[in-house]
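Descriptive analysis of the structure
Given next are the chains, with one letter for each unit.
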Amino acid sequence: MRTIQFREALREALSEEMRKDETIFLIGEEVAEYNGAYKVSQGMLDEFGSKRVIDTPIAELGFAGIAVGAAMNGLRPVVEFMTFNFSLVAIDQIINSAAKMMSMSGGQYSVPIVFRGPTASAGMLSSQHSQAFESWYANCPGLKVIVPSNPYDAKGLLKSAIRDNDPVIFMESEQMYGDKAEVPEEEYTIPIGVAEIKRAGSDVTLVSFGKIIKTCYTAAEELEKEGIHAEIIDLRTVRPIDYNTVINSVKKTNRLVIVEEAWPLASIASEITFKIQKEAFDYLDAPILRVTSADVPLPYAPTLIEASLPNPGRIIKAVKQVMYK
Amino acid sequence: MLLMRRFEEKAGQLYIQQKIRGFCHLYNGQEALVAGAVSAISPDDNMVTAYRDHAHPLGRGMHPKFIMAELYGKVTGCSKGKGGSMHLFGKEYNFFGGHGIVGGQIPLGAGIAFAEKYKGTSHVTLCYMGDGAVRQGALHEAFNMSMLWKLPVIFIIENNNYAMGTSVERTTNVHDLYKIGCSYEMPSKQVDGMNCETVHEAIFEAATHCREGKGPVLLEMKTYRYRGHSMSDPAKYRTKEELEEYKAKDPIETVLSVLRKNKWISEKDIDASEERVKALVDESVEFAENSPFPDVHELYEDVYVQEDYPFIMDGF
Ligand SMILES: Cc1ncc(C[n+]2csc(CCOP(=O)(O)OP(=O)(O)O)c2C)c(N)n1
Ligand SMILES: [Mg+2]
C-alpha cells in the first residue's frame, strides 16, 4: 500500500468530500494563497477556487461566527484555526452558538461544521502557543471532539466529521503533519466515538489519544523488554468517549494508566478514571494513575519543557507503580 | 537602530544554528518605529507590543544580553527563560511585554493607560500592533472605550503590509489603516515609518495630546520587514523589487545620510559605533552561552504570586 503524510491524508479527506458536496467550503487564515500555514490545503485553491477555499483576515471570532451562520443556512463549512490556541478568540461562537443551536432552537437549526487545526505543544513555543484544549471542548455538550493519532485515522475520521450533521472539533498536531503511514486509495470512513486497541497486551492498559500515542508506543516497547505487556487504547474521539473499550481492557489487565498532554484538573484522564472506578472497580488491582502535563503554563526553556510534558520515562514509571514493580 | 539591526542579524544566525528555537520574528527594517518613539517619550512612559518584540526593550534601554539570554531560554533572560523570543518583558523599563495572540495586546495597552489615568499620572502608553492585528474585533472595543474614557494611549500600527503571507489589500477595502480610528473620531494619521525623525515628531505630538487629557491617538506607520514573517517563512508572496524599494529607504541609512550631509558625524565616528555595537552583541552572545538553563524547580515558580499554591502533582 502507498504511504502518505498526515497532512496529505487530511487534504485527501477534505478534497474528496468537497468534490462530492458543493456546500462544503474551507475557510481560515492562510488556507488559500499560502497553501495553509502547515500546507494541509496545498493546491486546494487551484482545484476549488476562491469561492470554496477562502483566506480570512486575522479575525477568528468573526470568521468562526460567519461559518456558524452559514452552517445554519445550508452550507457545510470547514474552519481551519492556525492552531487551537487561537480558537480561544472564537470560542464564544463555538460554545455559545455552534454547540447550542440545535437544542436552543428545539431542533430547527443544526450546525454541520468542522473546526480543525493543530492542538497542544509543538516545540519551544512558550505558554500561549502550547495548549491542549481537548478536555475544554469535550466538556461542552453539543460538540463532538476528535483527536486522531495517525494519517489513516485522520483521513477516515475527518471524512466522518465533514459528513456529520453536528459541530465537530477536529484536533491535529504540528508535530504529526509530516508523519507517514499507509493509507489506502479506496474510500473509507472511521466512525466517530469508537476507540481502537492499537497494541494488545495483558499486564496494563495505557489509554491515550492524539500525538501522545506515539510516546505510549515508545514506552510500551521499553516495557516489553522488561516483560511487561502493555495494551494501548487510542480513544480517537474524546466526545463521545468509547468507555466500553476501556472497561473491557481493564477487566483483562486490571491496571490502568492514562496519558494525556493537557493539564491534570478536569482532564479526559479524570473523566476516564471516574468511569472506570464506577464500572470496573472490582477488577482493579491498583489505583488508576495518569501522566499529564505539569500543572503550569508550558515555559520556553527546554529543561522546563522536558520536566513538564509526558514522556516515555514518566509513563514507564507510572506503569511500574501500578504493577508494584 | 544600529544595535537593533546587528542584534537581529545575530539572532537570525543563531536561529539557524539552533541556539534559538521556537518562533523568532525579526525587526529588520522597522527599527525607526521604536527608535523614533523612545526619543520622544520619557522612561516613565509605557510600552506594550506583540511577538515581534526584540527591538522594543532594546529601545527602552534594556541591555541586549538579557534579551539574548531569553532567546536562548536561559534563566538569566529577561523573562527567566520562560517566555522566549515572543515574550520579552521588562518591568523596570515599563515594557509590558511581547504578546503572542494577535491583537491580544490592544486592549492591554488601553488598560495600562487606564491605570495611569486612574492614578492621576501624565504617563502615556505606546501600544504597538501589526497590520494584521487591526483585523481583530478586540481593537474596535478597545478603541471605542479608549475614546469614551479619553485614555492616554498611542496606538501604533506597524504597517509592514503583510500579516504572514497576507497583504493588507487582501484583508480589507480600506487600505489606509489609520482610517480605522476615524469612525471613533480618534485623531489618526499616517506616518513614514522608515524615517526616524518623522516617527519622533508624530509620537511627540501624540504624547502631548495624551498628556493634555485629550485621549488616544492612532498612528499608522508605513514600514517594511526585510525578513520573512518568522525564521521559517521564505516570503515567496512578495517580490524582490518591493523589498529593494524599501531597502532604498532604509531607516539607518537615512539617518546616516542626514548626519553625513550636515557633517555632524565623521566616518571614524560611524566605525566607532559599529565597533561598540558589535562588542555589545558579542558580549550578549557570550553571556547567553555561559548562562544556565532554568533548573526544573523553576517549573512551579512564577505561576502564581501565592508562594505555597497547591499544584496538582501526581508524581509523574
Ligand atoms: C489570534 C491569533 N491568530 C493567528 C495567529 C498566528 N499569527 C501569528 S503572527 C500572524 C500575522 C500577524 O501579522 P501582523 O499583525 O501584520 O504583524 P507582523 O508579523 O507583520 O509584525 C499570525 C496570523 C496568532 N498568533 N494569534
Ligand atoms: Mg504586518
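Before any of the text, the structure's been laid out above.
Residues numbered from 1 in each chain as written. Chains lettered and ligands numbered in written order. Predicted model: local features only at pLDDT ≥ 70, side-chain atom pairs only at ≥ 80, totals over all residues. Heavy atoms only, no water.

1. Quick notes on the sheet that holds strand S2 (residues 24-28) of chain A
What holds strands together in a sheet is hydrogen bonding between their backbones, with the strands either parallel or antiparallel. Residues and elements named next belong to chain A. Put simply, the test is: Pairing between two strands requires that DSSP report at least two bridges joining them. The numbering of helices and of strands both runs from the N terminus, where a helix is a DSSP run of H or I of at least 4 residues and a strand a run of E of at least 2. For helices, the fitted line uses only the C-alpha atoms of the stretch in contact; every axis is such a line through C-alpha atoms, and the angle between N-to-C directions lies from 0 to 180 degrees.
Strand order in the open sheet formed by seven strands is S3-S2-S4-S5-S7-S6-S12, and the pairing between neighbours is mixed. Lying at the two open borders of the sheet, with one neighbouring strand each, are strand S3 (53-55) and strand S12 (237-239). Within the sheet, the average angular offset between the axes of one strand and its neighbour, ignoring direction, is 20°. Where strand S6 (residues 144-146) meets S12, two bridges bridge the pair, whose relative direction is antiparallel. Residue pairing across strands places Ile146 opposite Thr237, the latter belonging to S12.

2. Some points on the packing of helix H3 (residues 60-72) of chain A against helix H4 (residues 87-98) of chain A
All names here are of chain A. Using the following cut-off: In this scheme, roughly parallel covers angles under 35 degrees and roughly antiparallel covers those over 145, while 65 to 115 is roughly perpendicular and the rest are oblique. Definitions for this section: a left-handed crossing has its near helix turned counterclockwise from the far helix by less than a right angle. A right-handed crossing has that turn clockwise. Residue contacts are defined here by distance: any two heavy atoms, one from each residue, within 4.5 Å place the two residues in contact. Residues are grouped as follows: Ala, Val, Leu, Ile, Met, Phe, Trp, Tyr, Cys and Pro are nonpolar; Asp, Glu, Lys and Arg are charged; all remaining types, including Gly, are polar.
At their nearest, the axes of H3 and H4 sit 7 Å apart, and the two run at 25° to each other. It follows from the interaxial angle that H3 and H4 lie roughly parallel. Handedness of the H3/H4 crossing: right-handed. Of the residues in H4, those touching H3 at Glu60, Leu61, Ala64, Gly65 and Val68 are Val89, Ala90, Asp92, Gln93, Ser97 and Ala98. Taken together, the residues of the contact of H3 with H4 sort by class into six nonpolar, three polar and two charged.

3. Considering the coordination of the magnesium ion (ligand 2)
All names here are of chain B. Here is the rule: Sodium, potassium and calcium take a 3.2 Å donor cutoff, other metals 2.8 Å, and in both cases only N, O and S atoms count; water is not among them, so sites may look incomplete. Buried means the residue's accessible area, taken with a 1.4 Å probe over protein chains only, is under 20% of the maximum for its type, while exposed means over 50%, and partly exposed covers the values in between.
At the metal site, the magnesium ion (ligand 2) is ligated by Asp131 (OD), Asn160 (OD1) and Tyr162 (O), and these contacts range over 2.1 Å. Mapped onto the sequence, the donors of the magnesium ion (ligand 2) take the spacing D-x28-N-x1-Y. Of this pair, Asp131 sits in the loop between strand S3 (125-130) and helix H6 (137-148) while Tyr162 is found in strand S5 (residues 162-163), placing the two residues 31 residues apart along the sequence. Residue class for Asp131 comes out buried when judged on its relative accessible area of 3%. According to the relative accessible area criterion, Tyr162 is buried, its value standing at 8%.

4. Brief notes about the site of ligand 1
The condition that has to hold: We call a residue near a molecule or strand when any one of its heavy atoms sits within 4 Å of it. The term polar contact refers here to a pair of N or O atoms within 3.5 Å; inside protein, the definition further demands a hydrogen-donor-capable atom paired with an acceptor-capable atom, and it admits residues adjacent in sequence only when both atoms are side-chain atoms. In these tables, accessible area is a Shrake-Rupley quantity obtained with a 1.4 Å probe, and a residue counts as shielded only by the protein chains included in the view.
By nearness alone, 22 residues border ligand 1, and A:Glu60, B:Tyr51, B:Arg52, B:Gly132 and B:Asn160 come closest of all. More than one chain reaches ligand 1: the nearby residues come from chains A and B. Within the side chain of B:Tyr51, one N or O atom sits 2.7 Å away from an oxygen atom of ligand 1. Contact distances for ligand 1 include 2.9 Å between a nitrogen atom and a backbone N or O atom of B:Gly100. Protein coverage of the free-state accessible area of ligand 1, which is 580 Å², stands at 96%. Taken together, the residues of the shell around ligand 1 break down into 11 nonpolar, seven polar and four charged.

5. Quick notes on the interface of chain A and chain B
Here is the rule: Note on terms: buried area is the combined drop in 1.4 Å-probe accessible area of two parts once they are placed together, counting the loss on both. Throughout this description, the term salt bridge denotes a Lys or Arg side-chain nitrogen within 4 Å of a carboxyl oxygen of Asp or Glu.
Chain A puts 40 residues into the contact, and the matching count from chain B is 43 residues. Approximately 3400 Å² of surface area, both sides summed, lies buried where chain A meets chain B, with 65% of it carried by carbon and sulfur atoms. Per-residue buried area on chain A facing chain B is highest for A:Ile58, A:Tyr300 and A:Leu304; these three make up 20% of the total on that side. Linking chain A with chain B are three salt bridges. In this structure, A:Glu33 engages B:Arg170 in a salt bridge whose closest nitrogen and oxygen atoms are separated by 3.5 Å. Where chain A meets chain B, there are 18 residue pairs in polar contact (both at pLDDT 80 or more). Contributing elements (two or more residues each) for the side of chain A that touches chain B: strand S14 (289-291), helix H11 (302-308) and helix H12 (312-322) of chain A. If one sorts the elements of the side of chain A that touches chain B by residue count, H11(A) sits on top with five residues. Residues that form the side of chain A that touches chain B fall into these classes: 24 nonpolar, eight polar and eight charged.

6. Details of the environment of A:Glu80
All names here are of chain A. Note on placement: Glu80 falls in strand S4 (residues 76-80). Sequence spacing of Glu80 and Arg116 is 36 residues, and the spatial spacing of their C-alpha atoms is 5.0 Å. With near-sequence residues (within four places) excluded, Glu80 lies in contact with Leu26, Ile27, Gly28, Glu29, Val31, Ala37, Val40, Phe63 and Arg116. Within the structure, Glu80 has its side chain in polar contact with the side chain of Arg116 (distance 2.8 Å).

7. Some remarks on the side chain of A:Ser208
Note that A:Ser208 resides in strand S10 (residues 204-208). For A:Ser208, a relative accessible area of 1% corresponds to the buried category.

8. Points about the nonpolar core
Generally speaking, a soluble globular protein has its nonpolar side chains buried in company with each other. Residues and elements named next belong to chain B. Using the following cut-off: For this analysis, a nonpolar core means a set of buried residues of the types Ala, Val, Leu, Ile, Met, Phe, Trp, Tyr and Cys, connected via side-chain atoms within 4.5 Å.
Judged by nonpolar contacts, the single largest core of 56 residues is most densely connected at Ile20, Met68, Leu126, Tyr128, Ile154, Ile203 and Leu219. Per-element tally for this core: the top contributor is helix H7 (residues 196-211), with seven residues. Beyond its immediate sequence surroundings of up to four residues, Ile203 is in contact with Ala37, Ala40, Ile41, Leu126, Ile154, Ile156, Leu219 and Met221.

9. Things to note about the pairing of S2(A)
Residue and element names in this part refer to chain A. Of all five residues making up S2, five are buried, and the element is well covered by its neighbours. Of the two faces of S2, both are covered, the one formed by Ile24, Leu26 and Gly28 as well as the one formed by Phe25 and Ile27. With five bridges joining them, S2 and S4 adopt parallel strand pairing. Across the sheet, residue Ile27 finds its bridge partner in S4, namely Val79. Here S2 runs beside S3; their pairing, made up of three bridges, is parallel. Across the sheet, residue Leu26 finds its bridge partner in S3, namely Val53.

10. Considering a nonpolar patch on the surface
Residues and elements named next belong to chain B. Heads up, the condition is: Each patch is built from residues that are more than 30% exposed by relative accessible area and take part in no salt bridge. Like charges join if they lie within 9 Å; nonpolar side chains (Val, Leu, Ile, Met, Phe, Trp, Tyr) join within 5 Å.
A surface patch of nonpolar side chains, amounting to about 570 Å² of accessible area, comprises Phe114, Tyr118, Met145, Leu148 and Trp149. At the level of secondary structure, the elements contributing two or more residues to the nonpolar patch comprise helix H5 (105-119) and H6. By secondary structure assignment, the location of Phe114 is in helix H5. The partly exposed category is assigned to Phe114, whose relative accessible area is 37%.

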